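The chain contents come next:
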Amino acid sequence: MFVMLDGFCVLAHCGREGRRPTCTHSLFTSENRGLGSKMTDSKYFTTTKKGEIFELKAELNSDKKEKKKEAVKKVIASMTVGKDVSALFPDVVNCMQTDNLELKKLVYLYLMNYAKSQPDMAIMAVNTFVKDCEDPNPLIRALAVRTMGCIRVDKITEYLCEPLRKCLKDEDPYVRKTAAVCVAKLHDINAQLVEDQGFLDTLKDLISDSNPMVVANAVAALSEIAESHPNSNLLDLNPQTINKLLTALNECTEWGQIFILDCLANYTPRDDRESQSICERVTPRLSHANSAVVLSAVKVLMKFMEMLPKDLDYYGTLLKKLAPPLVTLLSAEPELQYVALRNINLIVQKRPEILKHEMKVFFVKYNDPIYVKLEKLDIMIRLASQANIAQVLAELKEYATEVDVDFVRKAVRAIGRCAIKVEQSAERCVSTLLDLIQTKVNYVVQEAIVVIKDIFRKYPNKYESVIATLCENLDSLDEPEARAAMIWIVGEYAERIDNADELLESFLEGFHDESTQVQLQLLTAIVKLFLKKPTETQELVQQVLSLATQDSDNPDLRDRGYIYWRLLSTDPVAAKEVVLAEKPLISEETDLIEPTLLEELICHIGTLASVYHKPPSAFVEGSRGVQHKRLPARAGSGESAESPDVGQSGPTEAPPAVIPSQGDLLGDLLNLDLAPPTATVPSVQPSMQMGAMDLLGGGLDSLMGDESDTPGVSHRTEVQSPQPSSDYSERELGGDIGGSPSMGAGLGAAPAAMPAALGSAPAVGGGLGDLFDLGGGVGMPTGAYVAPKTVWIPAMKAKGLEISGTFARRGGIIQMDLSLTNKAMSVMTDFAIQFNRNSFGLSPAGPLQVLTPLSPNQTIDVSLPLSTSGPVMKMEPLNNLQVAVKNNIDVFYFSCQYPLSLLFVEDGKMERQVFLATWKDIPNDNEAQFQIKDIHLNSDAASNKLQGSNIFTIAKRTVEGQDMLYQSVKLTNGIWVLAEMRIQTGNPNYTLSIKCRAPEVSQFVFQCYELLPNFWICEGDSIPAEKRYFMTWLNLYVYVMFNFLLNHFDKEIRLLSSLMYKTTRQNTADLTHIVMCVYS
C-alpha cells in the first residue's frame, strides 16, 4: 500500500509483528539521517528527466556514500510511483555492503519488491543476508531475517534456514520476536521445510520466553500456521502454557495482547474453577483504550462464562463488568460504532442480561449515520422488556416522524415487533400504530398495516376492532406487501366485515397487474370468503378461479387455483378444513440467529465474521483452514432431573431418574448396541402389576343365545349431554354447495384441462378403482388412525435440529415416524436414538437409519421400528415417552406421548364366555364411564371402524332402542381391557363403559376411542370420509396422469401409481405432498 508520511510517499509492506504496517517512514526520519537534515523528501518525486535510469545507475556506483544514498532514495521514489526500475537490480544490490542502517533498509525494501521478478539476481544478496544475521547490531540482525522471510523465492529459502535457527535463539528479544514471525512466513512458502528443520518445536519453546513480546509473536505465528493446518494441533494448550500466556498478557503491546487473547479463546478450561481464574485475569483488559483488545477480552469472557454456574456470585459480578466497556465502544467514530453494534447484537442475543439496564445508550442520535441507526434499532427491540417498553415505544413513535424513509419503515416495524415480543405492551403498540395511520403518510400507513397483520396472528380475536380503520386506507396502498397484508386481513375476518366481497372485488379489477404475492393472497382470501359466505360469493369465487387457472401464466398461481377448484367442487368440507385450518401463532423473535450459528459467531467476536453475522466458511475463499468453533458445555448441564413417583415399586429400590444425566446418556449413545433385540414379550414389572388374570370362566349363555336377554350385564343410566352442532355441516355451507354432487353445478364445471369425472381413473391406472376399493361400502376394513406429525423439539431448543413425529402400528409392528429437519448452517451426521424407561417397555428395535448426511434446510423422513421388550418404569402420565437423540453436534432430549392404541395387539378378540366371566370378576370400582361426543355412525359402522385399530366387538345386543356393543382390547403386556358401548339411534353421543384390572389404563383407552374416530363420517353418506377425501386427490391424480400421458412419461406413471398405493395403505394425508411433488 502507499503511505504518505512527512511529505514522502513510500511503498509499505505489512510486517507480522503485531500485524502493524511497517513502512519506510523510519528510513527518512531525522534520526536515520545522521545529521538531522531538515530538508524534505518530496524532491525525489519531482524529477521526470529522460535518461534518468542511466543517471541513477551512475550515482548508485558512486564512491560517495551520501550520493549513493540519495540515488537509492530516488530509486525507491520511482518504484513507489510505479516506474519500472528493475534494470537497476544489480546496482542496488551492490549497495547492501554498507554500515549505514538507513541505506540498508532502503536496499532491503527494493529487494523485497523486485526479488520475485529477478530470482536469479536475488541470489546475489544471500551472502549479505547471512552476514547481516551475525552483525553485532540487533537491529541489523532482525532486519536481515525479516527481509529474507519477505522474499518469496524458493531458491533463497534453503539459505534462510541456518540464519533463522540462530536468530530464533538470539540473545536479543527483538531479534527473537522478529524470527518468530519469520517462521510463519517461511511456513507459508514451504511448510515441509519448516517441519523438517524443527522450527515448529523451537517456536513452541518461545511461548515460555521471558520476554512478553516474544511470547506474543510466537503465539501469533503458531496461530497463523494452525489456521492453515487445522489438524496439526500446534497450539497444545494446557494449564501451564495458559499461565505463561496470562503472565505475558499484562506486559506486551496491545497487538500482542490481541494475539494472546485470541489464543486463550481457543482453550477449554477443565472446570468452572479454572474458568473463573482465567476470567479474573482477563477482566482488566476490558478497560484498555484499544477497542480490538476490548472485543478480544469480551470474546474470552463470553466463552468462559459458559462454564460458570449461574448461581455463582462471580457470574453476576462478571455480567456487571461487561456492560461499561461495551457502552464505551459506542462513543467512538461511526465506523467503529457499527462494528461494536454488530458484535453487541450477537452478545445481546446470547446474554441480554448484560445490557438490560443500558437501553438509553442505544437511543438514536440525530447525526448518526443510517447504518448505525438501523443497528441500534435492532438492539433496542432485542432489549425491550416489560420494564422498559414504555420508554422504547416513546422513542419509536418519535423515530416514525423522521425524514429518512428507510429508518421510519424500520421504526414502524419495530413497534410491531415489540407488540409481539412483550404481550403486556400489545394494546399500547396497537394504539401507537393507529395514531401513525391517522397521519396519512403513505409509507407509514403501509408499514403499519403489515405489522398489524402479524399482531392479529399473534393475538387472535383480540384487536380486530381496528379493522374498520384499516379498511379506510385501502385505496392508499400501493406496495405489494401492504396490499397482500390488507387482503389477508379482509379474507381472514370476512365474517366481521360487511362489505368484504366488495373490498376484495375491487382488487380483482387489476388482477393481472398485481404482483404474484398479491395474486396468491387474493385467491386464498376470496376462497375463504366463499367458504364463510357461500350463497353471496359464488360468482366472485368463480371469477377469481377462472383468472387464476385460465388467464394466468404463473405456475404457482395456476396450481393453487386448480387445487382450490377441485377441492370446492368435490368436497367443500375438506376444503373448509384445509383453507380455514387453525393457524399457528407466530414466534416472538423471527430474526434471531440460529443457536448453533450464534455459538460459532460468539467464538469469532472481534473478527469479520461478527460483522457479517456469517461463519468464516461462508466468505473465506478456499476455507480449508477455517475451523468451526463452539462454546463449551455449561457446568452442571448434565444434572439429572428429579425423578417422579414410582408408584408401587419397592421401598428399597432407588428412584430412577426421568432423564439420565447428559454425560451418562451420551456415553450410552456412543456405545449403543443397536442390534435388534430379541422379540420376547416382557413380563409385567412390579410397578405395572395390575392384578391376577383369571380369564377362564363360565358360559356366556345370554350373549351366545338370544340377544334380547342379558342377565348378568348391569344396565346403567345414560348420561345425557347437549347435542353439539357440526362445525362443517352442510347447512352452514349453503343449499346447493354441501357435500353433494350438486356442488359442481353451483360452482361451475372444472376447467377443461382437469378431468371432471372419476370414470377415466381405471383406464389410466389399470384397474385403479378396484385397487383402492372405491366401490366398497362402509363395511370396508380400515387401518388404525395415524395422527399427523407434530413438532416434538423445535430447532431453537436443539441447535438447529427440528424433530417432528407421530406413532403408527402397521402390520403388527409399532413404528415411530420421524421427520428430521436441519435448520442450522452446518451438516448433521451420526444420528442415534435412545429411550428412557417407560410404562410399557417401548424401545428402538433397530438403529436410527439416517443413511446420508442431513444438509442445511434438508428434511429426512425416518421410520423407526419399536419393540416392547425394553425396561419398564411407570411414567406420569402413563403414555409419556422420554427420548434422547444424538448427532455430531450434541445430544438433545424431549418427551412425547404415544396413543395407547399402539399397544392394542391383533389377537385381542376374547371368547364370549371368557368375556362375561372376566367382566363379572373385575370389581365394579374399576369401572369407568365416558361420553364420546358428536359421532354419526350406526353400530355396525362403528364396530367395523374400531376393529381396524384392534378394538374387537365380541357381541351386539339391542335393548330399548339402544345398540349395545361389547368389546375387548389386549395390550402388548398382556393386560385386557373390556368395554361396553351404547349407541342410541339419533343421538350422536355414545356412552362408553370400560373395565380393567388396571384402572389407570382406562382413561388412556378412552382417549383412543376419542382419537380413532377421526375418520367418522356422516350417517347419510354412502362413502366414508377417508374415501371421499381420497377421491378428491384421485381426481387430481387423473389430471396429473393425463399430463404425463401427453408427454409419454411411462416411468413417472408407474412411480406415482406405486407411491399412491403405498401411501393410501399407510397415511392418506401424505398424498397431497406426493402428488404435488411429482406434478411440479
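Residues numbered from 1 in each chain as written. Predicted model: local features only at pLDDT ≥ 70, side-chain atom pairs only at ≥ 80, totals over all residues. Heavy atoms only, no water.

Engineer: Please clarify how the sheet that holds strand β13 (residues 927-932) should be interpreted in this entry.
Structural biologist: Strands pair in a sheet through their backbones, by hydrogen bonds, and they do so in one of two ways: parallel or antiparallel. Spatial ordering of the open sheet is given by β13-β17-β16-β15-β14, a layout of five strands whose pairing is antiparallel. Each edge of the sheet is formed by a strand with only one pairing partner; in this case those strands are β13 and β14 (952-959). The average angle at which neighbouring strand axes cross in this sheet is 20°, direction not considered. Where strand β16 (residues 976-984) and strand β17 (residues 990-996) come together, six bridges link them in antiparallel fashion. Within β17, the position partnered with Met981 by the bridge is Leu992. Here helix α39 (residues 912-921) sits on the sheet in contact with β13, β14, β15 (962-970), β16 and β17, set at roughly 95° to β16. (Pairing = 2+ DSSP bridges. Helix = DSSP H or I, 4+ residues; strand = E, 2+ residues; numbered from the N terminus. Axes fitted to C-alpha atoms, helices over the stretch in contact; angles between N-to-C directions. Contact = heavy atoms within 4.5 Å.)

Engineer: Would you mind showing me how to read the pairing of strand β10 (residues 859-867) here?
Structural biologist: Remember that side chains alternate between the two faces of the sheet whenever the strand is regular. Sheet topology note: the strand β7 (residues 813-822)/β10 ladder contains eight bridges and is antiparallel. What sits directly across from Leu820, in β10, is Ile860. The sheet contact formed by strand β9 (residues 843-844) and β10 spans two bridges and is antiparallel. When the sheet's bridge partners are listed, Ser843 is paired in β10 with Ser867.

Engineer: Please clarify how the environment of Ser546 should be interpreted in this entry.
Structural biologist: Within the element layout of this structure, Ser546 appears in helix α28 (residues 538-549). Judged by its relative accessible area of 22%, Ser546 falls in the partly exposed class. A sequence separation of 15 residues divides Ser546 from Gly561, and the C-alpha atoms of the two residues are 8.1 Å apart. Dropping the residues within four chain positions of it, Ser546 is found in contact with Asp551 and Trp565. (Buried < 20%, exposed > 50% of the residue type's maximum accessible area, 1.4 Å probe, protein only.)

Engineer: Help me understand the sheet that holds strand β12 (residues 891-897), please; the structure alone is not making it clear to me.
Structural biologist: Pairing is antiparallel across the open sheet formed by three strands, whose spatial order is β8-β11-β12. If you trace the sheet from one side to the other, it starts and ends with β8 (832-835) and β12, each paired once. Across this sheet, the average inter-strand angle for adjacent strands is 25°, counted without regard to direction.

Engineer: I tried to follow the pairing of β16 on my own but got confused; where do I start?
Structural biologist: Within β16, eight of the nine residues are buried, leaving the element largely enclosed by the surrounding structure. The loop that links β15 with its antiparallel partner β16 comprises five residues; one of these, Gly974, has a positive phi angle of about 90°. Hairpin connection of β16 to β17: five residues between the antiparallel strands, including Gly986 at a positive phi of 85°.

Engineer: What is the right way to read the packing of helix α9 (residues 173-189) against helix α11 (residues 199-206) from this model?
Structural biologist: For any two helices packed against each other, the geometry is given by the interaxial angle and the distance between the axes. Two elements in contact, α9 and α11, have axes whose closest approach is 11 Å; the angle formed by their N-to-C orientations is 145°. In this structure, α9 crosses over α11, and the sense of that crossing is left-handed. Facing Arg176, Ala180, Val183, Leu186 and His187 of α9, the residues of α11 in contact are Phe199, Leu200, Leu203 and Leu206. A breakdown of the residues in the contact of α9 with α11 according to their chemical character gives seven nonpolar, one polar and one charged. (Left-handed = near helix turned anticlockwise from the far one by under 90°. Nonpolar A, V, L, I, M, F, W, Y, C, P; charged D, E, K, R; others polar.)

Engineer: I keep staring at the side chain of Glu980 and nothing clicks. Help me out?
Structural biologist: Secondary-structure assignment places Glu980 in strand β16. The exposure class assigned to Glu980 is buried, which follows from its relative accessible area of 1%. For Glu980, the side chain forms a polar contact with the side chain of Tyr966, separated by 3.5 Å. (Polar contact = N/O pair within 3.5 Å; in protein donor to acceptor, adjacent residues only side chain to side chain.)

Engineer: Which parts of the structure should I look at to understand a negative patch on the surface?
Structural biologist: Side chains of Glu502, Glu505, Glu509 and Glu539 sit close together on the surface and give a patch of like negative charge. According to the relative accessible area criterion, Glu502 is exposed, its value standing at 52%. (Patch = residues over 30% accessible without salt bridge, like charges linked within 9 Å, V, L, I, M, F, W, Y side chains within 5 Å. Areas by Shrake-Rupley, 256 points an atom, 1.4 Å probe, with all protein chains shown as cover. Salt bridge = Lys/Arg side-chain N within 4 Å of Asp/Glu carboxyl O. Lys, Arg positive; Asp, Glu negative; His and termini not counted. Charge placed at Lys NZ, Arg CZ, Asp CG, Glu CD.)

Engineer: Sorry, what's going on with the state of the cysteines here?
Structural biologist: Should the sulfur atoms of two cysteines be covalently bonded, the bond is a disulfide. Across all of its chains, the model carries zero disulfides by this definition. There is no disulfide at Cys429, and the cysteine sulfur nearest it, in Cys418, is 5.7 Å away. The class of Cys429 is buried, set by a relative accessible area of 0%. (Disulfide = S-S within 2.5 Å.)

Engineer: When you look at the confidence of the model for the chain in this model, what are you seeing that I'm missing?
Structural biologist: One rule of thumb: low pLDDT means the predicted coordinates there are not for detailed reading. Per-residue pLDDT for the chain has a mean of 75; in total, 73% of the residues score no lower than 70. Predicted confidence is poor over residues 1-39, with pLDDT under 50, and the contacts of this stretch with residues over four places away or in other chains come to 85 contacts. Under a pLDDT of 50 for its full length, residues 1075-1080 has, in the predicted model, 11 contacts with residues more than four places off or in other chains. (pLDDT = per-residue confidence, 0-100.)

Engineer: Is there a simple way to think about unusual backbone geometry in this case?
Structural biologist: The bulk of non-glycine residues show a negative phi, and the bulk of peptide bonds are trans. In this chain, Glu876 is followed by Pro877 through a cis amide linkage whose omega measures 0°. Along the chain, Pro877 turns up in the loop between β10 and β11 (880-886). The backbone of Lys440 sits at a positive phi, close to 65°, despite the residue not being glycine. Structurally, Lys440 is set in the loop between α22 (426-438) and α23 (442-458). By relative accessible area, Lys440 is classed as partly exposed at 48%. One non-glycine residue, Asn950, lies in positive phi territory at about 65°. In this structure, Asn950 sits in the loop between α40 (939-947) and β14.

Engineer: Can you help me understand the pattern of salt bridges in this one?
Structural biologist: Any two side chains of opposite charge can pair, on the condition that their charged atoms come close. Overall, the coordinates contain 34 salt bridges when judged by the stated rule. One salt bridge connects Asp861 with Lys789, and the closest N-O pair in it is separated by 3.5 Å. Taken together, the residues Asp861 in strand β10 and Lys789 in the loop between α38 (768-771) and β5 (790-793) connect sequence positions 72 residues apart. A relative accessible area of 56% places Asp861 in the exposed class. Residue Lys789 is classed as partly exposed on the basis of its relative accessible area, which comes to 36%. Two residues, Arg809 and Glu906, come together in a salt bridge whose shortest N-O distance is 3.1 Å. Highlighted residues: Arg809 in strand β6 (residues 801-810) and Glu906 in the loop between β12 and α39, separated in sequence by 97 residues. Three or more residues joined by partner-sharing salt bridges are found here, namely Arg409, Arg413, Glu447, Glu479 and Glu481.

Engineer: Looking at this model, I keep getting lost on the nonpolar core. Mind explaining?
Structural biologist: Across soluble globular proteins, you tend to see nonpolar side chains buried next to one another. Core analysis: the biggest nonpolar cluster contains 216 residues, and Tyr110, Leu111, Leu164 and Phe456 have the highest contact counts within it. Not counting chain neighbours up to four residues away, the residues in contact with Phe456 comprise Tyr463, Glu464, Val466, Ile467, Leu470, Trp488, Ile489 and Tyr493. If you look at the next biggest cluster of nonpolar residues, it comprises 64 residues, including Phe835, Ile860, Ala979 and Cys1008. (Core = buried A, V, L, I, M, F, W, Y, C linked by side-chain atoms within 4.5 Å.)

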